[in-house]
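Structural features, examined
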Amino acid sequence: MTTSPHITVLCGGVGAARFLRALSTAIPPSHITAIVNTGDDTVLHGLHISPDLDTITYTLANAIDPDRGWGLIDESWRTLEALHRYGQVRPAGSRAGSTWFGLGDQDLATHFYRTARLQEGASLTDVTSEIASAWGLDFRLLPMTNDPAPTKVVVDTNDDPGAAGDGQISFQEYFVRHRHSIPVRELRLGASSAQPTREAIDALTTADAVVIAPSNPFVSIGPIRALPHVDQILAKRRTTVVAISPLVGGDAVKGPAADMMATFGFQSDSVGIAEIYRDVCSHLIIDSKDTSLAAEVELTGMTTTVTNTMMGDTQVDANLARLTLAAADIAS
Ligand code: FO1
């Protein structure tokens, strides 16, 4: 291919953000469209928070806190600290002034802006593009849907006595308040009753290749795939869909993906990832630590590339980007 290809990437948070940054070493950011999971979105203190969109925006703007992997670097927490005063007067059952979700003073500006624009009637797609521009990004960031699509997690009520009768809690309660340390019984994806945006469908259909980022296949990529039409579009163009396994040596770089693989009946490694993606994707990139799994991955009907997928180093990032494009047969 002589001109630079256009790539659409299905994204969760941290792993996807790092992959987008890596991909931009090989093609211009303006040729990269990210379709981002909004199943993690939540409303707290009346503010609309879109964690995966925030993580991607801050990472690509080089403003992310590198240790936490979320929120802004050099952040202060005075608002959150001040909220603690109200914990002692909060009536039972009230969620007012809760402090378990870490909202930094500067990060709050993003949620203020997003919430105010949504209240003015703007779509999440428009607001996301405005926020990306404000951070100086040339990448095209799209929420997967403009509709509410909250992922709910069903847990044992002994693990969360505050959960609804059937054990249902919000994704952020599971992920942040419980530090994803309690067993998941079931996931309920709000995305299955939402509509993908027209922009997301166009980006999936017209891109030279689609990449599934190294994100959790159940709670990050799962909601995007659960939207109407998405899996059919991917299946139809399967030969130009490439995935990067989020599991290295049977473990996730971050988050509960490995535990969830076992919970939902999959092998907790890249072979399990291949089983999940085989109908919509023809090629899986796996880490060098998993070289011995390549043959088993190929038995699922996918081809493989084995390379270092632990991003963060300039050479590793550039190599992964180049191999991803080569796997889709569209090296720039
Ligand atoms: N993750 C945490 O583990 N603890 C937090 O307190 C937290 C706050 C937070 C605030 C804004 C934001 O955009 C993201 C935040 N995250 C936090 C990250 C996030 O909730 C999760 O990493 C994702 O939802 C999982 O992809």
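Residues numbered from 1 in each chain as written. Predicted model: local features only at pLDDT ≥ 70, side-chain atom pairs only at ≥ 80, totals over all residues. Heavy atoms only, no water.

The subject of this paragraph is the pairing of strand 6 (residues 151-154). For a regular strand, side chains alternate in direction, first toward one face of the sheet and then toward the other. As defined by bridge partners, strand 6 adjoins strand 8 (residues 186-189) across four bridges and the pair is classed as antiparallel. Bridge assignment links valine 153 to a residue of strand 8, and that residue is leucine 187. Alignment of strand 6 against strand 7 (residues 168-170), held across three bridges, turns out to be antiparallel. Across the sheet, lysine 152 pairs through a bridge with serine 170, a residue of strand 7. (Pairing = 2+ DSSP bridges. Helix = DSSP H or I, 4+ residues; strand = E, 2+ residues; numbered from the N terminus.)

Turning to its location among the elements, serine 270 is positioned in helix 11 (residues 270-277). We classify serine 270 as buried; its relative accessible area is 0%. Residues within four places of serine 270 in sequence aside, it is in contact with Ser245, Leu247, Leu284, Ile286, Asp290, Leu293 and Val297. (Buried < 20%, exposed > 50% of the residue type's maximum accessible area, 1.4 Å probe, protein only. Contact = heavy atoms within 4.5 Å.)

On to the site of the ligand. Asp40, Asp52, Asp54, Gly102 and Gln172 are the nearest of the 13 residues found near the ligand. A distance of 2.8 Å is found between an oxygen atom of the ligand and a side-chain nitrogen or oxygen belonging to aspartate 40. Between the ligand and the protein, one listed contact pairs an oxygen atom with a side-chain N or O atom of aspartate 54 at 2.9 Å. For the ligand, whose unbound accessible area comes to 530 Å², protein coverage reaches 88%. In this structure the site holding the ligand corresponds to the largest pocket. If you list the elements that add at least two residues to the shell around the ligand, you get helix 2 (51-60) and helix 6 (171-177). (Near = heavy atom within 4 Å. Polar contact = N/O pair within 3.5 Å; in protein donor to acceptor, adjacent residues only side chain to side chain. Areas by Shrake-Rupley, 256 points an atom, 1.4 Å probe, with all protein chains shown as cover. 1 Å grid on protein atoms, 1.4 Å probe; cavity = no way out; pocket = protein on both sides within 12 Å on 5 of 7 lines; lining within 4 Å. Sits in = over half its atoms within 2 Å of the grid points.)

A separate point is the sheet that holds strand 2 (residues 32-36). With parallel pairing, seven strands are arranged side by side in an open sheet as 5-2-1-9-10-13-14. Two strands close off the open sheet at either side, each with one partner strand: strand 5 (140-143) and strand 14 (303-307). Each strand axis lies, on average, 20° off the axis of its neighbour in the sheet, ignoring direction. Sheet topology places strand 10 (residues 241-244) next to strand 13 (residues 283-287); three bridges connect them, and they run parallel. Along strand 13, the bridge assignment pairs valine 242 with histidine 283. Together, strand 1 (7-11), strand 2, strand 9 (209-212) and strand 10 form the strand contacts of helix 1 (residues 14-23), whose direction differs from that of strand 1 by roughly 165°. (Axes fitted to C-alpha atoms, helices over the stretch in contact; angles between N-to-C directions.)

With respect to the secondary-structure elements, methionine 302 resides in the loop between helix 12 (294-299) and strand 14. A relative accessible area of 1% places methionine 302 in the buried class. Along the sequence, methionine 302 and arginine 278 sit 24 residues apart, while their C-alpha atoms lie 6.4 Å from each other. Each residue touching methionine 302, except ones within four places of it in the same chain, is listed here: Arg238, Ala274, Tyr277, Arg278, Cys281, Ser282, His283, Leu284 and Val297.

Another point: the domain arrangement of the protein. In many analyses, interface size is given as the accessible surface area lost on bringing the parts together. For the protein, the assigned domains read domain 1 (7-70 + 195-327) and domain 2 (151-190). The interface of domain 1 with domain 2 comprises 14 residues on the first partner and ten residues on the second. Both sides of the domain 1 and domain 2 interface together cover about 1000 Å² of buried area, and 71% of this is carbon and sulfur. Broken down by secondary-structure element, the contributors of at least two residues to the side of domain 1 that touches domain 2 are helix 8 (221-226) and helix 10 (257-263). Broken down by element, the residue count for the side of domain 1 that touches domain 2 peaks at three residues, all from helix 8. (Domains from an automatic or database assignment. Buried area = accessible area lost by both parts, 1.4 Å probe.)

Before going further, it helps to spend a moment on the pairing of strand 9. The alternating pattern of strand 9 places Ala209 and Val211 and Val210 and Ile212 on opposite faces, both of which are buried. Bridge count between strand 9 and strand 10: three bridges; the pairing is parallel. In the strand pairing of strand 10, isoleucine 212 is matched with alanine 243.

It is worth spelling out the pattern of salt bridges at this point. Opposite charge on two side chains permits them to pair, given that their charged atoms come into close proximity. Tallied over the entire structure, the rule returns twelve salt bridges. Among the ionic pairs, aspartate 231 bridges to arginine 225, the shortest N-O distance being 2.8 Å. Its relative accessible area of 16% is what places arginine 225 among the buried residues. The network of salt bridges with shared partners includes Arg117, Glu120 and Glu130. (Salt bridge = Lys/Arg side-chain N within 4 Å of Asp/Glu carboxyl O.)

Moving on to the packing of helix 1 against helix 13 (residues 314-327). Two numbers describe how helix 1 lies on helix 13: the axes approach to 8 Å, and their chain directions differ by 85°. With respect to each other, helix 1 and helix 13 are oriented roughly perpendicular. For the pair helix 1 and helix 13, contact is made by Phe19, Ala22 and Leu23 and by Asp317, Leu320, Ala321, Thr324 and Leu325, respectively. Of the residues assigned to the contact of helix 1 with helix 13, the class counts are six nonpolar, one polar and one charged. (Parallel < 35°, antiparallel > 145°, perpendicular 65-115°, else oblique. Nonpolar A, V, L, I, M, F, W, Y, C, P; charged D, E, K, R; others polar.)

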